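Geometric and topological summary
Here's the letter readout for the chains.
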Amino acid sequence: MGTRHRMCTDGHAGGMVLLVTLTVVALFASVANSAAVMSVDLGSEWMKVGVVSPGVPMEIALNKESKRKTPTTIAFRNGDRVFGEDAQTLGVRFPSNSFGYLVDLLGKTIDNPMVDLYRKRFPYYDIVEDPVRRTVVFRAGDERYTIEELIAQLLQVAKTYAEDSTGQLITECVLIVPGFYGQAERTALVSAARLANLKVLQLINDYTAVALNYGIFRRKEINETAQYFLFYDMGAYKTSAAVVSYQLAKDKATRETHPVVQVLGVGFDRTLGGLEMQVRLRDYLGQEFNKLGKTKTDVFTNPRAMAKLFKEAGRLKNVLSANTEHYAQIEGLLDEQDFRLLVTREQFEGLCKDLYERVTAPLDKALAASGLALDVINQVVLFGGNTRVPKVQDILRSHIGQELAKNLNADEAACMGAVYRAADLATGFKVKKFITKDAVLFPIQVVFDREGESGAMRQVRRTLFGAMNSYPQKKVITFNKHTDDFEFTVQYAELESVLKGETQTLGSVDLARVKLSEVAKKLKANVAENVESKGIKAHFMLDDSGIFSLANVELVLEKTVTREEEEDESTFQKIGNTISKLFSGDSTDKPTADKVTEGGAEKEDDESAEGKESKDEKEADEQEKPSSKDKESDASKDAKPDGKEGSTGGDGEKKQDEGTEAKNATVKPKIVTLKESIPSKVELTYVVPLEGELFDASAKRMAALDEVDNAKKRRETALNALESFVIDAQVKLDEEEYASCATEEEIASIRQRCGEISEWLYEDGSDADAETYEKKLEELRAVANEVYARHWEHEERPQALNALKQMINGSEGFLRNARNLTKDANPEKDVFTAVEIETLEKAIRSTIEWRDTEVAEQEKLARNVPVRLTVKDITDRMGMLDREVKYLVNKLKLWRPKVKPTPPPKPEKTTSGKEGEKEETTSEEKADGEPPVLEQTPEKDGSDDAEATVEEIDPTATQKEQPGEEGGDHTEL
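Treat the numbers as computed from the prediction; the structure is a model and nothing was measured. (Residues numbered from 1 in each chain as written. Predicted model: local features only at pLDDT ≥ 70, side-chain atom pairs only at ≥ 80, totals over all residues. Heavy atoms only, no water.)

Now for the environment of F540. Following the sequence through the fold, F540 ends up in strand β26 (residues 531–542). Judged by its relative accessible area of 1%, F540 falls in the buried class. Residues F540 and K475, spaced 65 residues apart in sequence, show a C-alpha to C-alpha distance of 5.2 Å. (Helix = DSSP H or I, 4+ residues; strand = E, 2+ residues; numbered from the N terminus. Buried < 20%, exposed > 50% of the residue type's maximum accessible area, 1.4 Å probe, protein only.)

Judged by pairing direction, the sheet is antiparallel, and its five strands sit side by side in the order β21-β20-β24-β25-β29 without closing on themselves. The two strands at the open ends of the sheet, each matched to only one other strand, are β21 (457–465) and β29 (680–684). This sheet shows a mean twist of 25° between the axes of neighbouring strands, independent of strand direction. Both strand β24 (residues 486–492) and strand β25 (residues 510–516) contribute to a ladder of six bridges, which runs antiparallel. Its bridge partner being in β25, F488 is matched across the sheet by V514. (Pairing = 2+ DSSP bridges. Axes fitted to C-alpha atoms, helices over the stretch in contact; angles between N-to-C directions.)

Moving on to the pattern of salt bridges. Once the charged atoms of two side chains with opposite charge are near each other, the side chains can pair. Across all of its chains, the model carries 53 salt bridges by this definition. Between R397 and D394 there is a salt bridge, with its nearest N and O atoms 3.1 Å apart. Residue R397 and its partner D394 are both found in helix α12 (residues 390–400); the two are separated by three residues, about one turn of the helix. For D394, a relative accessible area of 43% gives the class partly exposed. Counted as one network, the salt bridges with shared partners bring together D104, K108, E185 and R270. (Salt bridge = Lys/Arg side-chain N within 4 Å of Asp/Glu carboxyl O.)

The next subject is helix α13 (residues 413–425). Its 13 residues place the ends of α13 19 Å apart at the C-alpha level, agreeing with the 18 Å of an ideal helix rising 1.5 Å per residue. Burial within α13 is extensive, with twelve of its 13 residues counted as buried. (Expected span 1.5 Å × (residues − 1).)

The linkage connecting Y471 with the following residue, P472, adopts the cis geometry, with an omega of 15°. Its location among the elements puts P472 in the loop between β22 (470–471) and β23 (473–479). Positive phi is not limited to glycine here, since E336 has a value of about 60°. By relative accessible area, E336 is classed as exposed at 76%. Phi is positive for E518, close to 65°, though the residue is something other than glycine.

On to the side chain of E793. Note on placement: E793 falls in helix α25 (residues 770–818). Put simply, E793 is tucked away with no salt bridge, and the nearest opposite charge, on R797, sits 5.1 Å away. Not counting chain neighbours up to four residues away, the residues in contact with E793 comprise V867, L869, T870 and V871. (Lys, Arg positive; Asp, Glu negative; His and termini not counted. Contact = heavy atoms within 4.5 Å.)

Below, the discussion takes up the pairing of strand β5 (residues 73–77). In terms of residue burial, β5 counts as a mostly covered element, since four of its five residues are buried. Counting the residues that bridge the hairpin from β5 to strand β6 (residues 80–83) gives two residues, and of these N78 lies at a positive phi of roughly 55°.

Looking now at the packing of α25 against helix α26 (residues 834–859). Remark: α25 packs on α26, axes separated minimally by 10 Å, with the N-to-C direction vectors making an angle of 155°. When the axis of α25 is compared with that of α26, the two are roughly antiparallel. Taken as a pair, α25 and α26 cross one another with a handedness that is left-handed. Residue-level contacts link H794, R797, L801, L804, K805, I808, S811, E812, F814, L815 and A818 of α25 to I837, L840, E841, I844, T847, I848, W850, R851, V855 and Q858 of α26. (Parallel < 35°, antiparallel > 145°, perpendicular 65-115°, else oblique. Left-handed = near helix turned anticlockwise from the far one by under 90°.)

The next subject is the packing of aromatic side chains. Tallying each qualifying case throughout the model produces 34 aromatic pairs. For the pair F229 and Y246, a centre-to-centre distance of 5.5 Å together with 75° between the ring planes defines the contact as edge-to-face. Taken together, the positions of F229 in strand β13 (residues 227–234) and Y246 in strand β14 (residues 239–250) put the pair 17 residues apart, joining distant regions of the chain. Taken together, the aromatic side chains of F76, F99, Y101, Y118, F122, Y124, Y125, F138, Y145 and F310 make up a single cluster linked through ring pairs. Positioned over the ring face of W46 is K69, at 4.5 Å from the centre of the ring. (Phe/Tyr/Trp six-rings, centres within 6.5 Å; stacked < 30°, edge-to-face > 60°. Lys NZ or Arg CZ within 6 Å of the ring centre and 35° of its normal.)

Once that is clear, we can look at the environment of V200. Secondary-structure assignment places V200 in strand β12 (residues 199–205). Along the chain, V200 and V190 lie ten residues apart, while their C-alpha atoms are 6.8 Å from each other. Apart from residues no more than four positions distant in its own chain, V200 is found in contact with C173, L175 and A193.

Next up on the list: empty space enclosed by the protein. Tallied over the full model, the rule gives four cavities of 30 Å³ or more. Space inside the largest cavity adds up to approximately 140 Å³. Taken together, 16 residues make up the lining of the largest cavity; nearest its centre are Y181, R186, L441, F442 and G546. Among the residues making up the lining of the largest cavity, the classes are represented as ten nonpolar, five polar and one charged. For the lining of the largest cavity, the domains that each give at least three residues are domain 1 (37–233 + 242–254 + 405–437) and domain 3 (442–565). Y214, G215, R218, E221, I222, Q227, F229 and Y246 are the residues that line the second largest cavity. (1 Å grid on protein atoms, 1.4 Å probe; cavity = no way out; pocket = protein on both sides within 12 Å on 5 of 7 lines; lining within 4 Å. Points joined across faces, edges and corners; volume = space filled by probe spheres on them. Nonpolar A, V, L, I, M, F, W, Y, C, P; charged D, E, K, R; others polar. Domains from an automatic or database assignment.)

Take a look at the structure:
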């Protein structure tokens, strides 16, 4: 979706001209100031790349084989690095050097059950533990590759495809992730993107991206009534289902109505997918081969044979989706023994019988989480490659009792939805707003210790982000009882209800440990007789990527200020208090959106936490936190002084005090909210982040790999260029048109040099470096380029002379017309002087004479001697003649006709004719005394206004444009 600049005009011709001018300038400005962005659907088996650039709609970037998806496989062999299909081909011969199905290993420690499952599926990989981070490291010979480094290299390839597709540099992207990715997986993917020099605009869940793509093409069908859809995905590695709603909603801030897609419920099975089916079929083929007894070697002990079986199982699985039976065929499977076996779809379905029983579980979980019944769902929409399996569709169809929707591109829907989101987030693009609200899968809570009434320490839990809460979102928790330094822990909560026995797949339950310092110091320094502490507030955020963070921690104080103290405050203190109230929750100020959100969130946290605590904990909380009545009374206290000041003067104020608050003899004090920042240290406890020296070390290894690849590409390019030039030179010298442009000595020299280089290339030069190839190419070019230059001159000269002839003819025609625009020929339209006409005539005459002389001299020369009349000489002459003509043309454009002086109006005659005569004579004399108007100044044609408007055009400013705005800066001509 390209940049959209909406301008309006009233339809007049001048306005239309100006509009076109501004639009063209804005288009060039947008191309110059904005870059393309991309989305990457980094799946377990395939990778798709979506791109959008200024002026170009959303599209899928093609790889070097001109295909729309690329295998997410990377392989290393003898210092070379290959990707995609090349890596898969290499992986059949060297399985332990080719790495695929990597995304589910992100953010996992070596003892994670998912790592054990990966080892079981691919036993030929040498997986070791990172000594510092305890994450997965692949070892191939002497080389070691962390999981983040491998993913980063795949992202680099995606970036290359996107840049080749758009022709622009790409630095920003939106990445698609499974919805069940936790904090460890998401932060690890962001670190991998940083290694690939990519800025992640957002991590978007796959079902959210698909729902967005589904909605943007059905925008007209969305209204104020919620419509519910269920999106079901079965990919290579996992299966998921999500219930979403589409509805129009009004933005409270802008008062604009936009469509909103909100995730209401999610269910998933992270081990149910096409990969598990393919692995079972591979093992079945291996068992059948062993039964044949063609060799004594067990096929399961040979990595290369297992890789061949795995590849054939994948092909067979796809074929059986459309056919009832098919042969598995592998040549030289093991010990040069071929393998051929007929497999039916019924046999394949029998191998996966227990898997098919799990197909409907994610759908039921999503419905349960959303709280909706199946009969309110408009459609169940399929996406993901393995939803094409007939058995899966039959099971889903019978389960829901209705037809399945297959009107989405199962492979590219998520990628296209994510690239729409990328265009929305990036600068330089304006897209129709479509709001997305995702849902929290794994609740997050805060756990801290607090002293109870009996003096014993007890553990308190507060839920921050509950299950299926929408995000991005901010939450605030207040600590009222702590008067000294303390710490608290952030954890996952209620995982058993979500994962049901698979909590270990998520890794560590603890997410972070936060230590607060200088609490007692801040309290001692700020709490006084008129200053009261309102607790320590911790602000948490769950951003649109689903990544949790602690925004800041602050001590909140309330200062009681009397009227006398307020008047004695210095100007600086007043400014400070004003700024403090601007960002605080003071009830005397008009509440802002942030304030309402934080207050609401804080109240929600307290209520949800108290509901789960015991009776003693509730009582402790009631003692610790001020009641709502106290807060209301404080708010009323704050509001009344301001109301008095704004409504009445001094006398009215006294009367109101006597009428409503007779007991208070003096003016009530004012409450001012103060905030002090509390230092906090956050220590992540799930996986050691890839930062600092660890990140630098990985970046250094990545740079070394890139350097090797660049050197390889440079060498290949230089070798190809040298070989091509040698062959091309030998062929051209056999052609008469080139041979006629060279002397016998030159032909002999070029042939000799080409022969020497050819022999060297096939003997000693086969292993030379790029610099040597480039040097020899320059030497050969120095010998042959002179001959090529002569040939080029002889080929291009006729076209140049023809262009010169056309220019001379045009100049002569202009000269004939210009003679009629002189003072002698046309006194009323004397545009040109006689000197200007004579100058142009001389220029034309000299050009014709020069051309005729040079052409005659050049024709006397042979083709193999230095050229006398070059193309550059001809273009220089054309340039000289063009300047003379353009000077006169511009003068003609600027010329304006002379305007005769307007005679003054005759004055009215008075009583005596003589007096009238005298007055008339006087006025005429006065008119004659003024200098006559010789030329009329041309009126402004709006060009100045147009230039001023163009200077203000900023393509990124289209994000701020309000709907319905008219082009107020347009000038009507």
